[in-house]
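Architecture at a glance
Each chain, written out:
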Amino acid sequence: MSATSTEPRPTEPPSRALRAAFRAFAAIEKVGNKLPNPFWLFWILAGAVIVLSAILAAAGVGTVHPGTHDTIEVRSLLSKAGLTTMVEGAVDNFATFPPLATILIVGFGIAVAEASGLFTTLLRRMVARVPGKYLTFALSMTAMVAHVAGDAAYVTLIPLGALVFRAAGRSPVLGCVVAYVAISAGYDASPAITTTDTLLSSISTAAAHTIDPDHVVTPVANYFFGLASSVLVALVITVVVEKVIARRSDLDPDEPVKALTAEELKAVEVTPEQRRALRRTGVAALGFVAVVAAAMVPADSPLRGEHGSLVESPVITGMSVVLFLFFALLGWVYGRGVGTFRTANDIVDALVEGARSYAPILVLFFAISQFLAYFKWTNIGNVIAVEGAEALKGMHLSGWTVLVGIAVLITFMNLVITSGSALWALAAPVLIPMLMLIGIEPETTQAVYRVADSVTNCVTPMSPYFAMCLGFIQQHKKSAGIGTLASFTIPIAAVVWIVWVAFFVAWYLLGIPFGVG
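Below you will find a few notes about this structure. (Residues numbered from 1 in each chain as written. Predicted model: local features only at pLDDT ≥ 70, side-chain atom pairs only at ≥ 80, totals over all residues. Heavy atoms only, no water.)

Turning our eyes to something else, we now look at the environment of Val112. Within the secondary structure layout, Val112 lies in helix α5 (residues 98-115). Looking at Val112, the relative accessible area reads 1%, which means it is buried. C-alpha of Val112 to C-alpha of Gly354: the two residues are 242 residues apart in sequence and 7.7 Å apart in space. Residues in contact with Val112, not counting those within four places in the same chain, are Ala328, Gly331, Trp332, Phe341, Ile347, Ala350 and Leu351. (Helix = DSSP H or I, 4+ residues; strand = E, 2+ residues; numbered from the N terminus. Buried < 20%, exposed > 50% of the residue type's maximum accessible area, 1.4 Å probe, protein only. Contact = heavy atoms within 4.5 Å.)

Structure (structure tokens):
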């Protein structure tokens, strides 16, 4: 049975609250299904900006920059200068779009590691033979590490979760749920640097330049918070699953849990050859980090920034290249160890295959880059940011209340716009400049966005991985439907949201750095 071949069947929700939630999600799904593909959505938004700019410019709408005291006026894209900008600037808008090169460079490195089989083996190694009482946390924490593999984590870890839970004599349905929730609800939390870090930071940097042309949001700007959050989210999921979800009577599969067959054991176990290759890969990883760290020790090292700065060093600002080299090295070492890579041409094949997988993102980026260029040129974003900041100052709200309000807003937006990069590309040009004007750093705004952008991923039916997870569950429980999966994910997501947002507020109020920079 394929992961999405079975049509979801409705099930009766167990409580009035969940019935109300299901009705809300059904409405969200209905509205979301009417939305165009994100590619067309951003072109529609671009068209709206064109019309709005003409109207606001004709009305003489503008504001005064509170820092430079310069007058900011809305410019019309239907003017001669505006039309020239749209036509002549289209290529540059796309070519200079900050996340474009970043996501490709990091993606190439990850493609090598993935093609070698490293990620799959590493994930199996992390959950194989874990004692039953630690299995939920082990699987959840493995999902946090799996975020380096991007969306491939769903395809690998959900069926693996079912297998390892079966091996421990537990419900494979629960294994699917734990893996899915941990990957999706904690998507922006990881103990490692991921493509999400480089993607979001590049968008944040471009947005921050509206206020401060010298401000750089580095890929490790949220690393400390992301590392701590990965452990927190894994712990919260473990507690909710073990104390609440695991006690439900409807977790039983259609057939009693049986011992794994020889073929299934092969899918879970790590062979001696793979273990040796993993050890060599671990040594290579430590060696890479040690070499880079040692090269940065001398005060006059070329890998340090101006005046010997570590934060503004080429290693930090050029993190995408460092990650490419890191993942490519690990993929090559592992691939040579298990035989998936035999010649240098195998690396080229992996790079080509990786480029193919990023084609949908490149298509979307073309539309996003034009929309953002139009939005920036018209000064509409600047006016909204300045006036919005003045309104927030007038309300005398404390910083944390503003950030929690943004978390609520992004949470609901994420139910419909499930692409994290698309949603941040839409929100960052307004939120980052606006909050910078009231003293909230872009790194902080990006951190709260990452919390809100993650949690509802596991409950929205707009996510393609919701249907995929349901397909895996139906392999073990044919009567399962959208209501079944939602009844598992909603309670977990609700608790994770409350705890994670509270954790963010505490982190912010204590003044702990969110990362490097």
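A few words now on the layout of surface pockets. Each pocket or cavity is described by its volume, and for the second largest pocket that value is around 830 Å³. Along the wall of the second largest pocket there are 32 residues; nearest its centre are Ile193, Phe288, Val289, Leu323 and Phe326. If you list the elements that add at least two residues to the lining of the second largest pocket, you get α6 (118-127), α11 (223-243), α13 (272-296), α14 (314-317) and α15 (319-338). A total of 10 residues in the lining of the second largest pocket trace back to one element, the largest contributor, which is α13. (1 Å grid on protein atoms, 1.4 Å probe; cavity = no way out; pocket = protein on both sides within 12 Å on 5 of 7 lines; lining within 4 Å. Points joined across faces, edges and corners; volume = space filled by probe spheres on them.)

Attention now goes to the side chain of Thr378. Locating Thr378 in the fold gives a position in helix α17 (residues 359-378). On the basis of relative accessible area, Thr378 is assigned to the buried category, the value being 0%. A polar side-chain atom of Thr378 sits 2.9 Å from the main-chain carbonyl oxygen of Phe375. Residues in contact with Thr378, not counting those within four places in the same chain, are Val49, Ser53, Glu73, Val74, Arg75 and Leu77. (Polar contact = N/O pair within 3.5 Å; in protein donor to acceptor, adjacent residues only side chain to side chain.)

Inspection of the entire model under this criterion finds 23 aromatic pairs. Seen in terms of ring centroids, Phe39 and Trp43 are 6.4 Å apart; in terms of plane orientation they differ by 70°. Their pairing is edge-to-face. One end of the pair, Phe39, and the other, Trp43, are both in helix α2 (residues 38-58), four residues apart, so they sit about a helical turn from each other. Residue class for Phe39 comes out buried when judged on its relative accessible area of 17%. Residue Trp43 is classed as partly exposed on the basis of its relative accessible area of 26%. Between Tyr223 and Phe224, the ring centres sit 6.4 Å apart and the planes meet at 65°, which makes this aromatic pair edge-to-face. Ring pairing ties together the aromatic residues Phe225, Phe503, Phe504, Trp507, Tyr508 and Phe514, which thus form one cluster. We note Arg75 situated over the ring of Trp377; from NZ or CZ to the ring centre the distance is 4.1 Å. (Phe/Tyr/Trp six-rings, centres within 6.5 Å; stacked < 30°, edge-to-face > 60°. Lys NZ or Arg CZ within 6 Å of the ring centre and 35° of its normal.)

Okay, the environment of Phe326 next. Secondary-structure assignment places Phe326 in helix α15. Excluding anything up to four places from it in sequence, Phe326 contacts Ala285, Phe288 and Val289.

Okay, the pattern of salt bridges next. Enumeration according to the criterion identifies three salt bridges in this entry. With its nearest N and O atoms 2.9 Å apart, the salt bridge here joins Arg450 to Asp197. One end of the pair, Arg450, is in helix α21 (residues 442-455); the other, Asp197, is in helix α10 (residues 195-208), with 253 residues separating them in the sequence. By relative accessible area, which is 6% here, Arg450 ends up buried. Accessibility expressed as a relative area gives 6% for Asp197, which makes it buried. (Salt bridge = Lys/Arg side-chain N within 4 Å of Asp/Glu carboxyl O.)

Attention shifts here to a positive patch on the surface. On the surface, Arg125, Arg276, Arg279 and Arg280 cluster together into a positively charged patch. If you tally residues by element for the positive patch, the top one is α13, at three residues. Position of Arg280 relative to the elements: it lies in helix α13. (Patch = residues over 30% accessible without salt bridge, like charges linked within 9 Å, V, L, I, M, F, W, Y side chains within 5 Å. Areas by Shrake-Rupley, 256 points an atom, 1.4 Å probe, with all protein chains shown as cover. Lys, Arg positive; Asp, Glu negative; His and termini not counted. Charge placed at Lys NZ, Arg CZ, Asp CG, Glu CD.)

Moving on, we come to the side chain of Thr445. Mapped onto the fold, Thr445 is located in helix α21. Those residues within four positions of Thr445 in sequence are excluded, and the remaining contacts are Trp424, Leu431, Ile432, Leu435 and Ile440.

A rise of 1.5 Å per residue sets the reference length of helix α9 (residues 172-185), with its 14 residues, at 20 Å; its end C-alpha atoms lie 20 Å apart and thus fit the reference within 8%. The N-capping residue of α9, defined by a side-chain oxygen 3.2 Å from the backbone nitrogen of Val173, is Ser171. (Expected span 1.5 Å × (residues − 1).)

What follows is about the packing of α11 against helix α23 (residues 482-510). Their axes nearest at 10 Å, the elements α11 and α23 cross at an angle of 145°. Remark: the crossing between α11 and α23 carries right-handed chirality. Taken together, the residues of α23 that come into contact with α11 (itself represented by Phe224, Phe225, Ala228, Ser229, Leu232, Val233, Val236, Ile237, Val240 and Val241) are Ile492, Val495, Val496, Val499, Trp500, Phe503, Phe504 and Trp507. Across the contact of α11 with α23, the residue classes break down as 17 nonpolar, one polar and no charged. (Axes fitted to C-alpha atoms, helices over the stretch in contact; angles between N-to-C directions. Left-handed = near helix turned anticlockwise from the far one by under 90°. Nonpolar A, V, L, I, M, F, W, Y, C, P; charged D, E, K, R; others polar.)

This part covers empty space enclosed by the protein. Here the idea is plain: a probe the size of a water molecule rolls over the atoms and shows the empty space left. Taken as a whole and judged by the stated rule, the model has three cavities of 30 Å³ or more. The space that makes up the largest cavity amounts to roughly 70 Å³. As for the largest cavity, its lining consists of His147, Tyr187, Asp188, Ala189, Ser190, Ala192, Thr194, Asp197, Asn222, Tyr223, Gly226 and Arg450. Of the residues contributing to the lining of the largest cavity, the split by class is four nonpolar, five polar and three charged. For the second largest cavity, the calculated volume is near 50 Å³. Every residue lining the second largest cavity is listed: Asp188, Ala189, Asn222, Phe225, Gly226, Ser229, Ala447, Arg450 and Trp500. Within the residue set of the lining of the second largest cavity, elements represented by two or more residues are α11 and α21. Broken down by element, the lining of the second largest cavity gets its largest block of residues, three residues, from α11.

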